[in-house]
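# Coordinate inspection notes
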Amino acid sequence: MLRRRQLVGSLALCMACAVQAQNASAPMTIVVPYAAGGPLDKSARILAEGAQAQLGPIQVQNKPGAGGNLGADTVAKAPKSGNLLVMGAVATHAVNPWLYKNFPYNPVKDFTPIVLVARTPNVLVMSAERAKALDISTTTDLVKYMKAHPDQLKYGSGGNGSIGHIAGEMFKSLTNTRMPHAPFQGAGPALKALQDGGVDIVFDNLASSLPLIQGGKLKALGVTSLGSDDALPHVPSINSEVPGFNVSTWFGLFAPATLPAADAQKYATAFSKAMHSPAGKAQFQKMGLTPEELTLGGFGSFVRSELGKYEFLIKAAKIHID
């Protein structure tokens, strides 16, 4: 009888440990692998607020570094009891694996995709004053100017290997033009340099540039997706003037690969509901974003496709991080 009680007690203890391993007593934390204030950070806070009724308190922690790799790796290697998610992006899960020699995690095997939050094109922008002075109103105008004045315009980006860098190199390759690159420590400083005259053009995230475009400070020449965007319906795609150009930013929530399937489904349902609620959609719309529909396996298939796409682009452009 005593042994039986001991066995039952041991089983109960093991079950309690298992529950604790899957449902940490600490609040859920969404790690944003970039500095506060950007589109990923704002989106994470919208989702944290919207999903807390279903999932309990949710914190947002900014952990920038190594192009987003630091924060993503923290979640990839988190213990089961860590209760961590990461707001991963095209950089952390499709671009960076091909840029860094000693990449710290596997973007597919080390994560459970939860929900794709948003896809947004970048936008090719100049300062409105500079564009007017050079008589540049379209992407075609820009290409003509670059061909007539090689190396005279400089483009800025959020750093070597950033989407803005990849877009710039792809643009030069497809237009057979020359233009030096000025990397900055983040997209914010690159955008500031554009406004201050330190660089001439930037391929910036639409959500970041939209207020400046709407305020007349920046001139939008084209969006980097295959078609125009609802936030800028009168701005054509670069692809319509430079065939083959297609580079977009996306981001979404990932959990560690150890997350049980039932929990992954619960998280996907809660965050999708938060994204598509009237309050959630209104907040995303202010940033020029439309919430996406892909979750779990569908999101995972999308990530694998993007990983292959950027392997080709990065190797073709010979971009690397030293």
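A brief report on the enclosed structure follows. All values derive from a computational prediction rather than experimental measurement.

With that settled, consider the layout of surface pockets. Considering only enclosed or pocket space, the largest pocket measures out at about 1200 Å³ in volume. A per-element tally of the lining of the largest pocket places helix H8 (residues 187–196) first, with five residues. Looking at the lining of the largest pocket residue by residue, the classes come out as 25 nonpolar, 20 polar and four charged. Looking at the second largest pocket, its volume works out to about 460 Å³. Residue lining of the second largest pocket: 21 residues in total, with Arg119, Thr120, Pro121, Asp229 and Thr290 positioned closest to the centre. Broken down by secondary-structure element, the contributors of at least two residues to the lining of the second largest pocket are strand S4 (111–127), strand S9 (248–256), helix H11 (278–286) and helix H12 (296–317). Split by residue class, the lining of the second largest pocket holds seven nonpolar, seven polar and seven charged.

The next thing to look at is the nonpolar core. Core analysis: the biggest nonpolar cluster contains 49 residues, and Leu142, Phe171, Trp250 and Tyr310 have the highest contact counts within it. Tallying contributions element by element places H12 first for this core, with six residues. Every residue in contact with Phe171, bar those within four places of it in the chain, is listed here: Leu124, Thr139, Leu142, Val143, Met146, Thr177, Met179, Phe203, Ile238, Val242 and Phe245.

Along the chain, Thr139 turns up in helix H6 (residues 139–148). Thr139 sits in the buried class, given a relative accessible area of 0%. The contact partners of Thr139, leaving out residues within four places of it in the chain, are Leu124, Phe171, Leu221, Gly222, Ile238, Glu241 and Val242.

This brings us to helix H2 (residues 39–55). Spanning 17 residues, H2 covers 23 Å between terminal C-alpha atoms, matching the ideal 24 Å at 1.5 Å per step. A bend of about 35° at Glu49 is the largest found in H2. Residues Pro39, Leu40, Asp41, Ser43, Ala44, Ile46, Leu47, Ala48, Ala51 and Leu55 constitute the buried set of H2. Directly beyond the C-terminal end of H2, a positive phi value near 85° is found at Gly56.

Among the 17 residues of S4, 16 are classified as buried, and the element is accordingly described as predominantly covered. Pairing between S4 and S9: nine bridges, direction antiparallel. Across the sheet, residue Ala118 finds its bridge partner in S9, namely Phe251. Judged from the four bridges that link them, S4 and strand S7 (residues 201–205) form a sheet pairing that is antiparallel. Across the sheet, residue Val123 finds its bridge partner in S7, namely Asp204. The pairing of S4 with strand S8 (residues 218–223) spans five bridges and is classified as antiparallel.

A word on unusual backbone geometry. Despite not being glycine, Asp135 shows a phi value in the positive range, around 60°. Relative to the assigned elements, Asp135 resides in the loop between helix H5 (128–134) and H6. We note that Asn176 has phi near 55°; this positive angle belongs to a residue other than glycine.

Cut-offs and rules
- Residues numbered from 1 in each chain as written.
- Predicted model: local features only at pLDDT ≥ 70, side-chain atom pairs only at ≥ 80, totals over all residues.
- Heavy atoms only, no water.
- 1 Å grid on protein atoms, 1.4 Å probe; cavity = no way out; pocket = protein on both sides within 12 Å on 5 of 7 lines; lining within 4 Å.
- Points joined across faces, edges and corners; volume = space filled by probe spheres on them.
- Helix = DSSP H or I, 4+ residues; strand = E, 2+ residues; numbered from the N terminus.
- Nonpolar A, V, L, I, M, F, W, Y, C, P; charged D, E, K, R; others polar.
- Core = buried A, V, L, I, M, F, W, Y, C linked by side-chain atoms within 4.5 Å.
- Buried < 20%, exposed > 50% of the residue type's maximum accessible area, 1.4 Å probe, protein only.
- Contact = heavy atoms within 4.5 Å.
- Expected span 1.5 Å × (residues − 1).
- Bend = angle between axes of the 7 residues up to and from the residue.
- Pairing = 2+ DSSP bridges.

In short, shape yes, function no, at least from these values alone.
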